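Coordinates in review
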Amino acid sequence: MPLLEPREGVPPVVADAADLERVIAAFTAGTGPVAVDAERASGYRYGQRAYLIQLRRAGAGTALIDPIACPDLTPLDEALAGAEMILHAANQDLPCLAEVGLVPRRLFDTELAGRLLGYPRVGLGSMVENILGFTLEKGHSAADWSTRPLPDDWLRYAALDVELLVELRDALDGLLKEAGKLEWALEEFAAILATPPRTPRPDPWRRTSGIHRVRNRRALAVVREVWETRDRIAQERDLSPGRVLQDAAIVELALSTPKNPAELQGLASLRGRGARRHQAAWLRAVSRARGLPDGALPQANLPGDGPPPAHRWPERDPEAAKRLNAARTVVAALADEHTMPSENLLQPDYVRRLAWTPPDESTSEAISAALLSLGARAWQVGVVATPLAKALLRLESKGDI
């Protein structure tokens, strides 16, 4: 059944202190968990800030809050301190919610619950349809939510995103109990909240799409200089970096190193209006990179803190490659048995690290301690430690390693 209108209609957007106080009072008087969602302007604006926040609670209805007009929601956060917050794909929204002061103390992530239950499609629309029998209109998910005023049909879409989130949570809670996975889910939700904010990546310019085509350190310096120039311009103009200059253009600049406007304008990926607008800045960045002494050029690869890529293992450490193959086979079989994706049963990075640097003894206790030290949850260790220990012991007993 299509879900076309919120039950109480589309509420007005909260954009001043008086209206926010009324929302706080209503949600304080409400009962039960609070459904929360946030709309960003990914692909349009710099960063991942929220441009609309939606909430719904029994007895309070739905609220649509403009966090640009109301940038401090800590009074609302304090009013909801004892309530469970329901989010879909919480890791996407928690950082932008924290920026305005909304920090859940208890969490129910409906997407993660769906993964633990083995649903093949865990988007909000798919889960609402499969579990509750309603279809949600998703046409505005990639819209520019920094637009003001927000169109009425966008606001309707936003309100509908939290319309059934409490009901979805309750249905998933029941399904998790039936499957014996509720405690697993609660442990996962707590782990999400306990995870500290991500630290900035070293050398973020190295994530430029297509950088694998850049083969020498001088060209890598061009990527770095142009990337950093683009980032500064994007931040100053509050634009998504890709709208200032696409990654493909950065790589093309590194490969061709134009020396003047004519050479730059001859590059296919530099013919867009945004790229032309700052052509002098791109040329200066290329010139800076060209003039760097060899000692200031970036290294081709940064040393990692983990194992090398798995495809290199058979050559570098054949025994580790055998351990990895055995461990992956065990985790895949257990994930199939428990009807969930392998990566939710045990993170692939933990499997790699365990296989590359195993404990001195292949016992359940030693495997458990190693996985816990890597960050695996207790429920995950309880499922995988003994089967992994048995698999590694079999390898040792056969003399394969």
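Look up a bit, the structure's there.
Here's a quick rundown of the structure. (Residues numbered from 1 in each chain as written. Predicted model: local features only at pLDDT ≥ 70, side-chain atom pairs only at ≥ 80, totals over all residues. Heavy atoms only, no water.)

Moving on, we get to a positive patch on the surface. On the surface, a cluster of positive charge is made up of Arg237, Arg273, Arg276 and Arg277. Here arginine 237 shows up in helix α9 (residues 217-237). In this structure arginine 237 comes out as partly exposed when scored by relative accessible area, which is 33%. (Patch = residues over 30% accessible without salt bridge, like charges linked within 9 Å, V, L, I, M, F, W, Y side chains within 5 Å. Areas by Shrake-Rupley, 256 points an atom, 1.4 Å probe, with all protein chains shown as cover. Salt bridge = Lys/Arg side-chain N within 4 Å of Asp/Glu carboxyl O. Lys, Arg positive; Asp, Glu negative; His and termini not counted. Charge placed at Lys NZ, Arg CZ, Asp CG, Glu CD. Helix = DSSP H or I, 4+ residues; strand = E, 2+ residues; numbered from the N terminus. Buried < 20%, exposed > 50% of the residue type's maximum accessible area, 1.4 Å probe, protein only.)

Grouped together as the largest cluster of nonpolar side chains are 85 residues, with contacts concentrated most on Leu371 and Leu388. Here the element with the most residues in this core is helix α20 (residues 378-397); it accounts for 10 residues. Those residues within four positions of leucine 371 in sequence are excluded, and the remaining contacts are Leu346, Tyr350, Leu354, Ala376, Val381, Val384 and Leu388. (Core = buried A, V, L, I, M, F, W, Y, C linked by side-chain atoms within 4.5 Å. Contact = heavy atoms within 4.5 Å.)

What follows is about the sheet that holds strand β6 (residues 106-109). Strands sit in the order β1-β4-β3-β2-β5-β6 across an open sheet of 6 strands; the sheet is mixed. At either margin of the open sheet sits one strand with a lone partner, and together these are β1 (13-14) and β6. Pairing geometry for strand β5 (residues 84-87) and β6, over 4 bridges, is parallel. Along β6, the bridge assignment pairs glutamate 84 with arginine 106. Strands in contact with helix α1 (residues 17-29) are β1, β2 (31-40), β3 (50-58) and β4 (61-65); relative to β4, the strand with the most contacts, it is inclined by about 145 degrees. (Pairing = 2+ DSSP bridges. Axes fitted to C-alpha atoms, helices over the stretch in contact; angles between N-to-C directions.)

Under the counting rule described, the total for this entry stands at 5 aromatic pairs. Consider the rings of tryptophan 145 and tryptophan 154, whose centres lie 5.4 Å apart with planes at 55 degrees: the pair is tilted. Accessibility classification places tryptophan 145 together with tryptophan 154 in one group, the buried group. Ring geometry for tryptophan 313 and tryptophan 356: centres 4.9 Å apart, planes at 50 degrees, overall tilted. Taken as a pair, tryptophan 313 in helix α15 (residues 313-316) and tryptophan 356 in helix α18 (residues 348-356) lie far apart in primary sequence, 43 residues in all. (Phe/Tyr/Trp six-rings, centres within 6.5 Å; stacked < 30°, edge-to-face > 60°.)

Once that is clear, we can look at the pattern of salt bridges. In this structure the tally under the stated criterion is 22 salt bridges. A salt bridge links arginine 169 to aspartate 170; the nearest nitrogen and oxygen atoms lie 3.3 Å apart. Judged by its relative accessible area of 14%, arginine 169 falls in the buried class. The class for aspartate 170 is partly exposed, based on a relative accessible area of 43%. A single network of salt bridges, built from pairs that share partners, joins Arg7, Glu8, Arg56, Glu163 and Glu167.

The element β3 is largely enclosed, with a buried count of 8 among its 9 residues. Bridging between β2 and β3 involves 7 bridges; their strand directions are antiparallel. Bridged to alanine 35 within β3 is arginine 56. Both β3 and β4 contribute to a ladder of 5 bridges, which runs antiparallel. Directly across from arginine 56, in β4, lies its bridge partner threonine 62. Connecting β3 to the next strand, β4, in antiparallel fashion are 2 residues, including glycine 59 with a positive phi near 85 degrees.

Note that all results are geometric; they support no functional claim without further evidence.
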